[in-house]
Amino acid sequence: MKSRMRSLLKSRKAQFYILSGFVIVGILYSVGRWIEPPTIIDTSSVALLEDPFIFNNIKEKAIQVVKISKSCEELNYNLDEYSKFVRDYVAAKKIALTFSYTVLLPCNPNVMSTTINMSLRSTQAYLISNFLASK
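Note that the coordinates shown come from a computational prediction; the quantities given were computed from them, not determined experimentally.

Undergrad: Which residues make up the sheet that holds strand β2 (residues 113-121), and what are the values?
TA: If you trace the three strands from one edge of the open sheet to the other, you get β1-β2-β3, paired in antiparallel fashion. Edge strands, defined here as strands with exactly one partner in the open sheet, are β1 (96-103) and β3 (126-134). Within this sheet the neighbouring strands show an average axis-to-axis angle of 10 degrees, counted without direction. In this sheet, β3 lies alongside β2 in antiparallel orientation, the contact comprising nine bridges. In the strand pairing of β3, Thr 115 is matched with Leu 132. Sheet strands touched by helix α3 (residues 51-68): β1, β2 and β3. Its angle to β3, the strand with the most contacts, is close to 15 degrees. Against the sheet, helix α4 (residues 72-92) engages β1 and β2, with an angle of about 175 degrees to β1.

Printed below as a string of structure tokens:
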């Protein structure tokens, strides 16, 4: 009788520990779900927005065009070609771009400065930049 009673007590202890474990896990899971925000903010649309990247790339390459030009005539030609290229590129992406430039005088091969005015307009963004690029 004693041994039967002892094994019965051991099994009840085991049942209590197993049941307690399930209750604790259930409580922790419920508290975790309760603390978690109901919605997670999706910021991926901002990261997928390519308009700022296109705009910054156009600006960076315009500065490089000014720096690699060797003469004033070449500068005007390069900027004109670059302007046509970027307008065609953004038109294919259905983005409106205004790109204008003015070569500042006096222009000599050692010191060439250009003011560039850019604006990019799409359904998601409107970006403007006026800057001076010089060699």
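Undergrad: Outline the packing of aromatic side chains, listing residues and values.
TA: Each aromatic ring pair is characterised by the separation of its centres together with the angle its planes make. Applying the stated rule across the entire model yields three aromatic pairs. On the basis of an interplanar angle of 70 degrees and a centroid distance of 5.8 Å, the ring pair of Tyr 82 and Phe 99 is categorised as edge-to-face. Highlighted residues: Tyr 82 in helix α4 and Phe 99 in strand β1, separated in sequence by 17 residues. Both residues of the pair, Tyr 82 and Phe 99, belong to the buried class.

Reading guide: rules and limits
- Residues numbered from 1 in each chain as written.
- Predicted model: local features only at pLDDT ≥ 70, side-chain atom pairs only at ≥ 80, totals over all residues.
- Heavy atoms only, no water.
- Pairing = 2+ DSSP bridges.
- Helix = DSSP H or I, 4+ residues; strand = E, 2+ residues; numbered from the N terminus.
- Axes fitted to C-alpha atoms, helices over the stretch in contact; angles between N-to-C directions.
- Contact = heavy atoms within 4.5 Å.
- Phe/Tyr/Trp six-rings, centres within 6.5 Å; stacked < 30°, edge-to-face > 60°.
- Buried < 20%, exposed > 50% of the residue type's maximum accessible area, 1.4 Å probe, protein only.

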